[in-house]
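What the coordinates show
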Amino acid sequence: MLPRIEGHVTALRHEDAEALRERAGEATDLDPALLSEAPNRTAYRGLEQLAAGVEARRRLLFGRFVELWTELERSATWERLERAIDRALARARERQEVAERAERAAKALERAELAERDAADRARKAAAELAAARAAQGSGQSGG
């Protein structure tokens, strides 16, 4: 905020300097009495008061912040916060590991079920072939 105020004061100062220069006309020097005719002469006081207020507020708030920070450090707030974060991260890592193990187990189960279906299919085919072979062997013995 202070740079904005200072920028505004600078702009007003330039406007006043230009206006005073024009009022001086062809004079060889600026008559100090012209200063009372500067168009922005009443704005400076308000802006300077605003700048002082902004600076005072900044100092006050910074002082309060330093007090708060000191109290937070004294009461070990940051250490407690770090421990809480570490615990939360550990729980999250555990949940992630459990989820990964569950996913691996689900994939292994899926592979095992697929292998079981394949084995059952092969067993049915083998049983059908065996039955067909026995039937063929039985019809060959009764016919000969």
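Right above here is the structure, for reference.
What comes next is a walk through the structure. Computed from a predicted model, the values in this text were never measured in an experiment.

So, on to unusual backbone geometry. We note that A76 has phi near 60°; this positive angle belongs to a residue other than glycine. Looking at where A76 falls in the secondary structure, it is placed in the loop between helix 2 (43–74) and helix 3 (77–143).

With that settled, the discussion passes to a nonpolar patch on the surface. On the surface, a nonpolar cluster with roughly 400 Å² of combined accessible area is contributed by F62, F65, V66 and W69. Tracing the chain through its elements places V66 in helix 2. Of the residues examined, V66 reaches a relative accessible area of 36% and is grouped as partly exposed.

Taken together, E73, E79, E82 and D86 make up a surface patch of like negative charges. At 3 residues, helix 3 tops the list of elements feeding residues into the negative patch. Inspection of the secondary structure puts E79 in helix 3.

Scanning all chains against the criterion turns up 3 aromatic pairs. Look at F62 and F65: their rings are 6.5 Å apart centre to centre, the planes differ by 35°, and that puts the pair in the tilted class. Of this pair, F62 and F65 both sit in helix 2, 3 residues apart, which is roughly one turn of the helix. Residue F62 is classed as exposed on the basis of its relative accessible area of 54%. Between the aromatic rings of W69 and W78, the centroid separation amounts to 4.8 Å while the plane-to-plane angle is 35°, which identifies the pairing as tilted. The exposure class of W69 is partly exposed, given its relative accessible area of 36%. By way of ring pairs, the aromatic residues F62, F65, W69 and W78 are connected into one cluster.

Rules of the game
Residues numbered from 1 in each chain as written. Predicted model: local features only at pLDDT ≥ 70, side-chain atom pairs only at ≥ 80, totals over all residues. Heavy atoms only, no water. Helix = DSSP H or I, 4+ residues; strand = E, 2+ residues; numbered from the N terminus. Patch = residues over 30% accessible without salt bridge, like charges linked within 9 Å, V, L, I, M, F, W, Y side chains within 5 Å. Areas by Shrake-Rupley, 256 points an atom, 1.4 Å probe, with all protein chains shown as cover. Salt bridge = Lys/Arg side-chain N within 4 Å of Asp/Glu carboxyl O. Buried < 20%, exposed > 50% of the residue type's maximum accessible area, 1.4 Å probe, protein only. Lys, Arg positive; Asp, Glu negative; His and termini not counted. Charge placed at Lys NZ, Arg CZ, Asp CG, Glu CD. Phe/Tyr/Trp six-rings, centres within 6.5 Å; stacked < 30°, edge-to-face > 60°.

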